[in-house]
Amino acid sequence: MKKVLMMLFLLCFLTGCTVVRINTKSIDNIVSVVLSKENTLYNTTGKGYKYYVPRGVVYIDSNGFNEKLYCNGNYYYLYLDVISYYYKKDFKYNENKELYYSKAIESNGKKGYLEITKIDDYYLIEFMYNYAKVEALVLKENINEVVLNASYMLSTIKYNDNVIKLFLEDNFINEEEQYDIFTSTNNSTSFELEYEDIVEEEEEWKKWAYLTN
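Structure report, in brief. What you are looking at is a predicted structure, and each value in this text was computed from that prediction instead of being measured.

Moving on to the sheet that holds strand 9 (residues 132-138). Ordered in space as 3-4-5-9-8-7-6, the seven strands form an open sheet in which the pairing is antiparallel. Across the chains shown, the open sheet's two edge strands, defined by having one partner strand only, are strand 3 (58-63) and strand 6 (101-107). Ignoring which end each strand starts from, the neighbouring axes of this sheet average 15° apart. Contacts between helix 2 (residues 27-35) and the sheet are confined to strand 6, strand 7 (110-119) and strand 8 (122-129), with strand 6 contributing the most and set at about 15° to the helix.

As a further point, take the pairing of strand 6. Here strand 6 runs beside strand 7; their pairing, made up of seven bridges, is antiparallel. Bridge assignment links Y101 to a residue of strand 7, and that residue is I116. In sequence, strand 6 turns back onto strand 7 through a hairpin of two residues, with N108 there showing a positive phi of about 55°.

Quick look at helix 4 (residues 143-155) now. Its 13 residues give helix 4 an end-to-end C-alpha distance of 18 Å, which sits within 8% of 18 Å, the value for a rise of 1.5 Å per residue. Across the 13 residues of helix 4, 12 count as buried, placing the element largely inside the fold.

What follows covers the environment of E141. Here E141 is to be found in the loop between strand 9 and helix 4. Residue E141 is classed as exposed on the basis of its relative accessible area of 62%. Measuring from C-alpha to C-alpha, the distance between E141 and Y122 comes to 9.9 Å, with 19 residues separating the pair along the chain.

How each quantity is defined
Residues numbered from 1 in each chain as written. Predicted model: local features only at pLDDT ≥ 70, side-chain atom pairs only at ≥ 80, totals over all residues. Heavy atoms only, no water. Pairing = 2+ DSSP bridges. Helix = DSSP H or I, 4+ residues; strand = E, 2+ residues; numbered from the N terminus. Axes fitted to C-alpha atoms, helices over the stretch in contact; angles between N-to-C directions. Contact = heavy atoms within 4.5 Å. Expected span 1.5 Å × (residues − 1). Buried < 20%, exposed > 50% of the residue type's maximum accessible area, 1.4 Å probe, protein only.

Take it as geometry only, folks, not as evidence of what the structure does.
Laid out in structure tokens, this is it:
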């Protein structure tokens, strides 16, 4: 009986979008639990990287090292900085207590930060870890689920050094076009996610989902 319960627990722990039980309604707990595990799962591959997309999260599109995903009414924008990863660029994040949430992260030898900014009725999530970043603009009740899914995606990213080296040698990657994952919206002069466009796009997606169900 104990073995059955343990298997059910592990199954629930690894299934992503539907798993809200493990977070105990705490952002800190979500991040610490998921990022502390050495997870080797992956079900998505790109040019020089692979990672795990939680169940319920739908892949929509990609452009180079940028990917767009969707789950339960929320869009996820994933950016991978393979140049900073390859050269092991270091950074320092200064926490901002004036924001809804702001915290520097370090786990398993990897650094990052989680920053959540309130914008009108929405919350901009900027989650950087493991030389990659997830951004999402969500309603307050969706914050925990999005942070959970982003935690799985970011913590499971594995880079292929040989492939990335070939890209760099062939000048395949234009460094000027790379997204600056180390800079938060609050420390930059531009808003990487266009607020009005995203809200309008989410409303259109919800209408489409309603009509097709």
